[in-house]
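# Working through the structure, step by step
Letter by letter, the chains look like this.
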Amino acid sequence: MNRVMLTGVRPSGNLTLGNYLGAIKNFVDRQESYKSYIFIADLHAVTSYKEPNFLKESVYNCIAMYLACGVDENKTIIFKQSDVLEHGTFGFIMTFQTKMGELSRMTQFKAKSQGCGKEGVDTGLFVYPTLMVADILLYNTDIVPVGKDQQQHVELTRDLAERFNKRYGNTLNMPDVYVDVIGNKILNLQNPAEKMNKSDDGNNKGTIFLMDDLNVARKKIMSSVTDNYNKVHFDEDLQPGISNLMSILAKITGETFESIEKRYEGKGYGDFKKEVADVVCSLLENIQERFKKYNNKELLDKILFNGANDARIDASETLNRVRKSMGLN
Ligand code: ATP
Ligand code: MG
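All of these numbers come straight from a predicted model, not from anything done at the bench.

## Things to note about the side chain of Gln239
Here Gln239 lies in the loop between α9 (214-222) and α10 (240-253). When its relative accessible area of 4% is taken as the criterion, Gln239 is described as buried. At 2.9 Å, the side chain of Gln239 forms a polar contact with the backbone oxygen of Lys231. The residues touching Gln239, leaving out its near neighbours within four places in the chain, are Asp227, Tyr229, Lys231, His233 and Tyr269.

As structure tokens, this is what we get:
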């Protein structure tokens, strides 16, 4: 039987270079070897309020961008999470396998609840990881290619799958996370202490959106924050800005850090930034050209319709197995 690969994205804005390098590229590079699923996590997007029309447009935009990035609609099942009702039911069931402590320790929840205190945090922000657990386990997933920020969620998925299987007998398949060594956390170009996020402000000079005008993207890279060492060298602690640019270059071209360091020995940051800008702009140009073909709602609706039908069959099979194990059938 084919091994299964699955990944997801929140329709919460335009995709970034971080999304591409941390998750999409790893997926695209492997889609030949797996039974593959991509879901647009619209239920995860509404854990905080989204204007309905913005949400709808974001869904179309995300699928079109994934296709433009090389996801093959004939090889990969592409669907919208809320179209497959099994996600909600199974997510609810998986919430009952989870401890308050496990959810309180999730990085996102800890970060967001610091400001307003637990009393003021949306419940969605607390429980959404159990929905992610369900998203992954419904498809008997073997591998989940994601950025480093999502690793904790796949680890929770493994813990809960094991707990469920111990309680109810062997029912759920154990997934592995795939976080690549290079490019797993692309940093904000203006603030390399922070991750690049697609929900960042559209004017954010530190975030490269895949649809950015090429001149704008070039400017963002050329004016990215670096350091005073004046040495192209990979050291994430001392030189986070330069190391981030090196990760971007290495992930796109496949060149090693050692080789990049060697080529720039004794040279300044200007030339280096220019090469990174050239490589990124050529990637963006390619994606933007392909985007035109997929920016077609009729085509995207058809893909979503077919994808949901296929996904539903697989998801309901798992949910039926779960119900049987639990005595809910
Ligand atoms: P949001 O701000 O809405 O959370 P996001 O950019 O974090 O947006 P997600 O939809 O949460 O994007 O994540 C989609 C995928 O992209 C995940 O696999 C995530 O790990 C990956 N990813 C997101 N940001 C980065 C980044 N800066 N570097 C590498 N991978 C990333
Ligand atoms: Mg995110």
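## Quick word on α9
Among the residues making up α9, those that are buried are Ala217, Lys220 and Ile221. Angular distribution of buried residues about the axis of α9 spans 95°; they occupy a single face of the element. With respect to the buried face of α9, the exposed residues turned more than 90 degrees away are Asn215 and Lys219. Looking at the buried positions of α9, the neighbouring elements they touch are α10 and α12 (269-294). Looking at where α9 begins, the residue whose side-chain oxygen comes 2.9 Å from the main-chain nitrogen of Asn215 is Asp213.

## Remarks on the pattern of salt bridges
What the rule picks out here adds up to 19 salt bridges. Lys75 is the partner of Glu32 in a salt bridge, and the nearest nitrogen-oxygen pair spans 3.2 Å. Placement of the pair is Glu32 in the loop between α1 (17-30) and β2 (35-40) and Lys75 in the loop between α3 (52-68) and β3 (76-80), with a sequence separation of 43 residues. Judged by relative accessible area, which is 57%, Glu32 ranks as exposed. Between Glu275 and Arg263 there is a salt bridge, with the nearest N and O atoms lying 3.0 Å from each other. Pair noted here: Glu275 is in helix α12 and Arg263 is in helix α11 (residues 257-263), with a separation of 12 residues, a long-range link. Taken together, the salt bridges that share partners define one network made up of Glu32, Asp72 and Lys75.

## Digging into empty space enclosed by the protein
The full count for this structure, using the stated rule, is one cavity of 30 Å³ or more. Roughly 30 Å³ of volume is contained in the largest cavity. Residue lining of the largest cavity: Asn188, Leu189, Pro192, Ser224, Val225, Gly241, Asn244 and Leu245, and that is the complete set.

## Remarks on the site of ligand 1
In the vicinity of ligand 1 lie 21 residues, with Ser12, Asp149, Lys195, Lys198 and Ser199 positioned nearest. At 3.0 Å, a side-chain N or O of Asn19 approaches an oxygen atom of ligand 1. A distance of 3.0 Å is found between a nitrogen atom of ligand 1 and a backbone nitrogen or oxygen belonging to Met196. A total of 590 Å² of accessible area belongs to ligand 1 in isolation, and the protein chains cover 95% of it. When residues of the shell around ligand 1 are traced back to their parent elements, those giving at least two are β1 (4-9) and α1. Looking at which element gives the most residues to the shell around ligand 1, the answer is α1, with four residues.

## Observations concerning the nonpolar core
Core analysis: the largest hydrophobic core is formed by 56 residues, its most contacted members being Leu17, Ile208, Leu210, Ile248 and Phe272. Among the elements that line this core, the one with the most residues is α12, at 11 residues. Apart from residues no more than four positions distant in its own chain, Ile248 is found in contact with Leu17, Leu21, Ile186, Leu189, Val276 and Val280. Core analysis: the next-biggest nonpolar cluster, separate from the first, contains 37 residues, Val84, Ile93, Phe164 and Ala311 among them.

## Topic: the layout of surface pockets
By volume, the second largest pocket is sized at about 230 Å³. Around the second largest pocket sit Glu73, Asn74, Lys75, Thr76, Ile77, Ile78, Leu299, Lys302, Ile303, Asn306, Gly307 and Asp310, which together line it. When residues of the lining of the second largest pocket are traced back to their parent elements, those giving at least two are β3 and α13 (297-326). With six residues, the top contributor of residues to the lining of the second largest pocket is α13. Classifying every residue of the lining of the second largest pocket by side-chain character gives four nonpolar, four polar and four charged.

## Comments concerning the side chain of Ser58
As for its placement among the helices and strands, Ser58 is situated in helix α3. Assessed through its relative accessible area of 5%, Ser58 is described here as buried. When near neighbours in sequence (up to four residues on either side) are disregarded, Ser58 contacts Pro11, Ser12 and Gly13.

## Some details on the pairing of β1
The side chains of a regular strand alternate, residue by residue, between the two faces of the sheet. Most of β1 is tucked away, with five of its six residues classed as buried. As paired elements, β1 and β2 share six bridges and run parallel to each other. The partner of Leu6 across the bridge, within β2, is Tyr37.

## Here's the deal with the packing of aromatic side chains
Applying the stated criterion across every chain, the model contains eight aromatic pairs. Plain terms: the ring middles of Phe234 and Phe257 are 4.0 Å apart, the flat faces sit at 10° to each other, and that makes the pair stacked. One end of the pair, Phe234, is in the loop between α9 and α10; the other, Phe257, is in helix α11, and 23 residues separate them in sequence. The exposure class assigned to Phe234 is partly exposed, which follows from its relative accessible area of 24%. On the basis of relative accessible area, Phe257 is assigned to the buried category, the value being 16%. By way of ring pairs, the aromatic residues Tyr37, Phe39, Phe79 and Tyr139 are connected into one cluster.

Cut-offs applied
- Residues numbered from 1 in each chain as written.
- Chains lettered and ligands numbered in written order.
- Predicted model: local features only at pLDDT ≥ 70, side-chain atom pairs only at ≥ 80, totals over all residues.
- Heavy atoms only, no water.
- Helix = DSSP H or I, 4+ residues; strand = E, 2+ residues; numbered from the N terminus.
- Buried < 20%, exposed > 50% of the residue type's maximum accessible area, 1.4 Å probe, protein only.
- Polar contact = N/O pair within 3.5 Å; in protein donor to acceptor, adjacent residues only side chain to side chain.
- Contact = heavy atoms within 4.5 Å.
- Arc of directions from axis to C-beta.
- Salt bridge = Lys/Arg side-chain N within 4 Å of Asp/Glu carboxyl O.
- 1 Å grid on protein atoms, 1.4 Å probe; cavity = no way out; pocket = protein on both sides within 12 Å on 5 of 7 lines; lining within 4 Å.
- Points joined across faces, edges and corners; volume = space filled by probe spheres on them.
- Near = heavy atom within 4 Å.
- Areas by Shrake-Rupley, 256 points an atom, 1.4 Å probe, with all protein chains shown as cover.
- Core = buried A, V, L, I, M, F, W, Y, C linked by side-chain atoms within 4.5 Å.
- Nonpolar A, V, L, I, M, F, W, Y, C, P; charged D, E, K, R; others polar.
- Pairing = 2+ DSSP bridges.
- Phe/Tyr/Trp six-rings, centres within 6.5 Å; stacked < 30°, edge-to-face > 60°.

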